[in-house]
Amino acid sequence: MSDTFQSRHLGPRGDDLPRMLKVVGAPSLDALIDDIVPADIRLSRPLTLAAAETEFGYHQRLRAVASGNRVCRTYIGLGYHDTITPPVIARNIFENPGWYTPYTPYQPEIAQGRLESLLNFQTMVRDLTGMAVANASLLDEATAAAEAMALLMRVQKRPGATTFVLSSRVFPQVRDVILARAAPLGITVREVDNLDRAAMDADVFGAYVQSPDDHGAVLDLRALIARAHEAGVLVAVGADLLALTLTVPPGEMDADVVVGNAQRFGVPLGYGGPHAAFFATRERFVRQMPGRIIGVSVDARGRRAYRMALQTREQHIRREKATSNICTAQALLANMAACYGVYHGPDGLRDIAARVHEQAVRVATAAAALGWAQTNAAFFDTLRLEGSADRVTRVRQAAERRGINFRYGAAGVIQIALNETAADGDLVEIIAALEAAGSVGAAKAAAVTPLPDALRRTSRFMTHPVFNAHHSETEMMRYIRRLERKDLGLDTSMIPLGSCTMKLNAAAEMMPVGWPEFARLHPFAPVDQAAGYARVFEELEQSLAAITGFAAVSLQPNSGAQGEFAGLLVIQAWHRSRGAGQRDVALIPQSAHGTNPASAALAGMRIVIVACDDQGNIDVDDLRAKAAAHGDRLASLMVTYPSTHGVFEHRIREICQVVHDHGGQVYMDGANMNAQVGVTSPAAIGADVCHLNLHKTFAIPHGGGGPGMGPIAVAAHLAPFLPGHSVIPTGGSSAIPAVAAAPWGSASILLISHAYIRMLGAQGMTDATRIAMLNANYLKARLEPHYPVLYTGRTGRVAHELIFDLRPFKAQTGIDEQDVAKRLMDYGFHAPTVSFPVAGTLMVEPTESEPLEELDRFCEAMIANRREIQAVADGRADAKDNVLKGAPHTAEEVSANAWSHAYSREEAAFPVPNLREHKYWPAVSRIDNPYGDRNLMCACPPVEAYEGES
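Predicted model, so just to flag it, every value in this text is computed and none were measured. (Residues numbered from 1 in each chain as written. Predicted model: local features only at pLDDT ≥ 70, side-chain atom pairs only at ≥ 80, totals over all residues. Heavy atoms only, no water.)

Undergrad: Could you clarify how one ought to interpret the overall build of the protein in this entry?
TA: Regarding its fold elements, the protein presents 32 helices and 25 strands. The C-alpha radius of gyration of the protein comes to 28 Å, within 12% of the 30 Å expected for a compact globule of 950 residues. The 950 residues of the protein split such that 66% are buried. Summarising the internal contacts of the protein: among those between residues at least 6 apart in sequence, 77% fall at separations of at least 24. For the protein, the accessible surface area stands at approximately 31100 Å², while carbon and sulfur atoms represent 50% of it. Charged side chains of the protein number 89 positive and 101 negative; the gap between the two group centres comes to 2 Å. (Helix = DSSP H or I, 4+ residues; strand = E, 2+ residues; numbered from the N terminus. Rg over C-alpha atoms; globule rule 2.2 N^0.38 Å. Buried < 20%, exposed > 50% of the residue type's maximum accessible area, 1.4 Å probe, protein only. Contact = heavy atoms within 4.5 Å. Areas by Shrake-Rupley, 256 points an atom, 1.4 Å probe, with all protein chains shown as cover. Lys, Arg positive; Asp, Glu negative; His and termini not counted. Charge placed at Lys NZ, Arg CZ, Asp CG, Glu CD.)

So this is what it looks like as structure tokens:
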């Protein structure tokens, strides 16, 4: 039917299939799938999923489900605060496919808008924390804290020290993740009340302290940090960006690393995410910093240009020697937070912070008058009130009647964290709830004081013009749109990235993420207020279990690499439960994603590489030999299926059996799960655990470099070890520690995958897989006469993606894969994946949502590109001054009075006729990466750099 979601999601129309199958050389779609997928792993029956729902029907049902969430006025804090997303940001970024559908900016010439905004984020964080450099965001605050611990271990001043001291008043979710990450790295975590004394011990390399801390106290850390440094101990600080507009920043107290969460800068709570964490450090540690860093360089014409610097795909280069397995960021959310800072500016942020602090003082004053003891000597937004247990009970009852959530920790304690959404009427209600417990003792209003002068910030911040020029909605709207127009997303054209699955992110899937019933829920709200979310989680877990063939699912890991890490920890916990804790060897094929060995290393495993044969398949003889050689130390095999080379290996069940025969478990990397759904499964191939990239197979958008989600699915024997959480219980009976800050990770975007599955249903999910493979083989059939295809299966087919080998062209003409990638920008396309998994190649994945017309347009561009290469080979084009070496070409360059190239302007800008109707212009010419490496600048350029620019 034409009105089904399946008909909207799948690109090729029904009458396109005969033509495509003819080109492919298959009598039917079923016959093609039979050629591609080994018979011994095929599913024998359809997926057991709920019947497909229409978009309208799904939204109606989800509205009813959402009503099970009760959005209260929540003042729990713990790093999460209700916030106001300015409508100009909500409409033009959060809800705009021009911002949420682009890919990670590995091709910077067509990502200048996002890169500029992320540079704004880095500059804002650097200024507010008082540090020298900041990165372009991390997954969440707890992950950032764990990365801080790992960085301090690497750069420590006490070689051999292995103890990390943790303040007893860090947030509980931060403690969870630090503990999960420390043990595999051989780090001992010591929790103490008195950091001063513990920091002097000889075995300590670093310390972590929070301010405002778990109680809400703002701390003067200067003396503590000075004493730690005297002893050779480095210090990381968890901080609050809004508080730092009023309080002395940790950088001015000589901290070594500062981390935290940018959520309260206009990013909805979303029951835990996605939110952009921040990480800032000293300049001398910049090359050790995890995640992505945006830097400033120049393009081929000497104009300023932005790019990702230093850590670009660091784990794909260093693999098991990588310092982090962080493969993504939270770019969309970092851009929202950056634009929040741009829109409000330093004065606006200071005003918001001052209002929040003043409200906290008012509540503290009223509480003191009622006889509550406020224990925080200095506070920003959070009060800790002590009284009798009976009084706390009466307050809780009164608050709940008013739809208010406070935090109730130790007996006789109430914590109240104010936020920017609180109005005078809310303060009246908060105080009324406190009054319900009556008054005890003499009034103590005089004891309540604002921040002391010693903790008040005097230094300026966010002085760059970008934070002081866009404060009206007109100015902000135009600034956001100006950035957006510099970028290329799925709203512009196909993004043919192999291994990355840039499929349609349907509007119907995206809309519920912004519904207040889902967006405004605090992750640590009482669970009875989140019945709607619980229903979504249950349905999604059941669906993912059915799709994978496994017994249980954890939705907690909030990236693919974090899912890898969690899956390996689950395997290790299972081995330990059986008295086999010595099993620590991970077998990893040469072809694996770089995050596989990086994650295994962070899980404390010994990595043994398994060879691949000339066809790119796992060398089974080598696997057998290495599995036998490591005997009772074999923990797991990490395998991607279909393989990273884009084919279904026919011996996969044998491969899994070899590992099982030697007592190991099989971890399947789910990066290519979109070629499995409905036709085979991880369980069918013999795996025990897998992670699922929801931002690939299950339609969560890439957001220009994040968010992502990486839930894990496991066989029944591993289910007891699924990740737990210390604030909201989750996971199995023998749960490993939490791997993410929130109990269900980035909960709000799970709605997208939930919608995708529910609206496609079993047949739609299976057809999506089948069409993805048809589209890939259609590209192969059309382009193989022009570009060698590197790997195919036994029948000459590829799975859902394929690799074109450009190495022969470089040897003949000097044209390489980067030249072809940049030239495709002139044709209006994002480049395929460059030099992965094989150097000198392009990896292409068309996805099921691209229509035949777009597939043909891409083929025309690639064929025209091949003719341009041939012109160089034949001597008809100059070997150095040709359209490929000169690409991409900007509108400014093509329209300039001077034109010095040997080829024409028309050849540069309009190589195929369809570009005259719709032309995307790259914002800059080819970027000079070596210049950026030699002149590292990771913040907004100084004002004088803008002189002479429009």
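Undergrad: Is there a simple way to think about the side chain of Ser 636 in this case?
TA: For Ser 636, the position within the fold is in strand 18 (residues 634-640). Residue Ser 636 is classed as buried on the basis of its relative accessible area, which comes to 0%. In this structure, Ser 636 is in contact with Leu 568, Ile 571, Val 585, Ala 586, Leu 587, Met 605 and Gln 665, ignoring residues within four places of it in sequence.

Undergrad: Mind showing me how you'd approach the pairing of strand 5 (residues 204-210) here?
TA: One face of the sheet, then the other: side chains in a regular strand alternate in exactly this way. Burial of strand 5 is extensive: seven of the seven residues sit out of reach of the surface. Across four bridges, the pairing between strand 3 (residues 163-167) and strand 5 is parallel. From the neighbouring strand, Thr 163 faces strand 5, where its bridge partner is Val 204. Where strand 5 and strand 6 (residues 234-240) come together, five bridges link them in parallel fashion. Its bridge partner being in strand 6, Tyr 208 is matched across the sheet by Ala 236. You can see the chain leave strand 5, run along helix 11 (residues 222-230) and come back into strand 6, and the turn it takes is right-handed. (Pairing = 2+ DSSP bridges. Right-handed = clockwise from strand over helix to strand, strands pointing away.)

Undergrad: Help me understand helix 22 (residues 620-630), please; the structure alone is not making it clear to me.
TA: Each α-helix winds once per 3.6 residues, and so residues spaced three or four apart point in a common direction. Buried within helix 22 we find Val 620, Asp 622, Leu 623 and Ala 627. Seen along its axis, helix 22 keeps its buried residues to an arc of 155°; they face one direction. Along helix 22, exposed side chains directed more than 90 degrees from the buried face belong to Asp 621 and Ala 629. Between the side-chain oxygen at the start of helix 22 and the backbone nitrogen of Asp 621 there is a gap of 3.1 Å, and the oxygen is on Asp 619. Looking one or two places after helix 22, you find Gly 631, whose phi comes out positive at around 40°. (Arc of directions from axis to C-beta. Polar contact = N/O pair within 3.5 Å; in protein donor to acceptor, adjacent residues only side chain to side chain.)

Undergrad: Quick question: what am I supposed to make of the pattern of salt bridges here?
TA: Charged atoms that come close allow side chains of opposite charge to pair. Inspection of every chain in the model, using the stated rule, returns 55 salt bridges. Ionic pairing is found between Asp 240 and Arg 264, a salt bridge with its closest N-O pair at 2.7 Å. One end of the pair, Asp 240, is in strand 6; the other, Arg 264, is in the loop between strand 7 (257-261) and strand 8 (277-281), and 24 residues separate them in sequence. For the pair shown, Asp 240 and Arg 264 are each scored as buried. The residue Glu 539 makes a salt bridge to Arg 535 at a minimum N-O spacing of 2.7 Å. A residue pair is termed a helical-turn pair when its members lie 3 or 4 positions apart in one helix, as Glu 539 and Arg 535 do in helix 19 (residues 531-548) at four residues. (Salt bridge = Lys/Arg side-chain N within 4 Å of Asp/Glu carboxyl O.)

Undergrad: It is not clear to me how the state of the cysteines should be interpreted in this structure. Could you clarify?
TA: Two cysteines whose sulfur atoms are joined by a covalent bond form what is called a disulfide. By the definition in use, this model includes zero disulfides. As a non-bridged cysteine, Cys 612 has Cys 656 as the owner of its nearest cysteine sulfur, 15 Å distant. Take Cys 612: its relative accessible area is 18%, and that puts it in the buried class. Distance from the sulfur of Cys 656, which forms no disulfide, to the nearest cysteine sulfur (Cys 690) is 12 Å. (Disulfide = S-S within 2.5 Å.)

Undergrad: Can you help me understand the packing of aromatic side chains in this one?
TA: Where two aromatic rings form a pair, the distance of their centres and the angle of their planes describe that pair. Summed over all chains, the structure comprises 20 aromatic pairs. Arranged with centres 5.1 Å apart and planes meeting at 75°, the rings of Phe 518 and Tyr 533 form a pair that is edge-to-face. Here Phe 518 is found in helix 18 (residues 516-519), whereas its partner Tyr 533 is found in helix 19, with 15 residues between them in sequence. Overall, Tyr 533 belongs to the buried group, its relative accessible area being 0%. Relative to Trp 921, the ring of Phe 910 has its centre 6.1 Å away and its plane inclined at 85°; by these criteria the two rings are edge-to-face. One end of the pair, Phe 910, is in the loop between helix 31 (905-909) and strand 25 (927-928); the other, Trp 921, is in the loop between helix 31 and strand 25, and 11 residues separate them in sequence. On the basis of relative accessibility, which here comes to 25%, the residue Phe 910 falls in the partly exposed class. Judged by relative accessible area, Trp 921 falls into the partly exposed class, the value being 28%. These aromatic residues form a ring-pair network of at least three members: Tyr 271, Trp 515, Phe 518, Tyr 533, Phe 537 and Trp 744. Lying over the aromatic face of Trp 515, Arg 63 brings its terminal NZ or CZ to 3.7 Å of the ring centre. When the ring centre of Trp 921 is taken as origin, the NZ or CZ atom of Lys 919, which lies over that ring, is 4.8 Å away. (Phe/Tyr/Trp six-rings, centres within 6.5 Å; stacked < 30°, edge-to-face > 60°. Lys NZ or Arg CZ within 6 Å of the ring centre and 35° of its normal.)

Undergrad: How should I be thinking about the packing of helix 8 (residues 141-155) against helix 9 (residues 172-182) in this particular structure?
TA: Each pair of packed helices gets described by two things: the angle between the helix axes and the distance between those axes. Two numbers describe how helix 8 lies on helix 9: the axes approach to 8 Å, and their chain directions differ by 45°. Overall, the two elements helix 8 and helix 9 adopt an arrangement that is oblique. Along this stretch, helix 8 crosses helix 9, giving a crossing that reads as right-handed. Contact residues: Glu 141, Ala 142, Thr 143, Ala 145, Ala 146, Glu 147 and Met 149 in helix 8; Gln 173, Val 174, Val 177, Ile 178, Arg 181 and Ala 182 in helix 9. (Axes fitted to C-alpha atoms, helices over the stretch in contact; angles between N-to-C directions. Parallel < 35°, antiparallel > 145°, perpendicular 65-115°, else oblique. Left-handed = near helix turned anticlockwise from the far one by under 90°.)

Undergrad: Would you mind showing me how to read the packing of helix 5 (residues 87-94) against helix 16 (residues 473-484) here?
TA: It is at 10 Å that the axes of helix 5 and helix 16 come closest, and there the two elements cross at 15°. Here helix 5 is positioned roughly parallel relative to helix 16, judged by the angle of their axes. The handedness of the crossing between helix 5 and helix 16 comes out as right-handed. Mapping the contact onto sequence places Val 88, Ile 89, Asn 92 and Ile 93 in helix 5 and Glu 473, Met 476, Met 477, Ile 480 and Arg 481 in helix 16. Looking at the contact of helix 5 with helix 16 residue by residue, the class counts come to six nonpolar, one polar and two charged. (Nonpolar A, V, L, I, M, F, W, Y, C, P; charged D, E, K, R; others polar.)

Undergrad: What's the story with the nonpolar core in this structure? I'm lost.
TA: In globular proteins that are soluble, nonpolar side chains generally tend to be buried together. If you look at the biggest cluster of nonpolar residues, it comprises 292 residues, and the most contacted ones within it are Phe 121, Trp 372, Phe 406, Ile 416, Phe 698 and Met 765. A total of 21 residues in this core trace back to one element, the largest contributor, which is helix 13 (residues 331-369). Dropping the residues within four chain positions of it, Met 765 is found in contact with Leu 47, Leu 49, Ile 547, Val 677, Phe 698, Tyr 756, Ile 757 and Leu 760. Formed by 28 residues, the second largest nonpolar core is a distinct cluster that contains Ala 566, Leu 568, Met 605 and Val 739. (Core = buried A, V, L, I, M, F, W, Y, C linked by side-chain atoms within 4.5 Å.)

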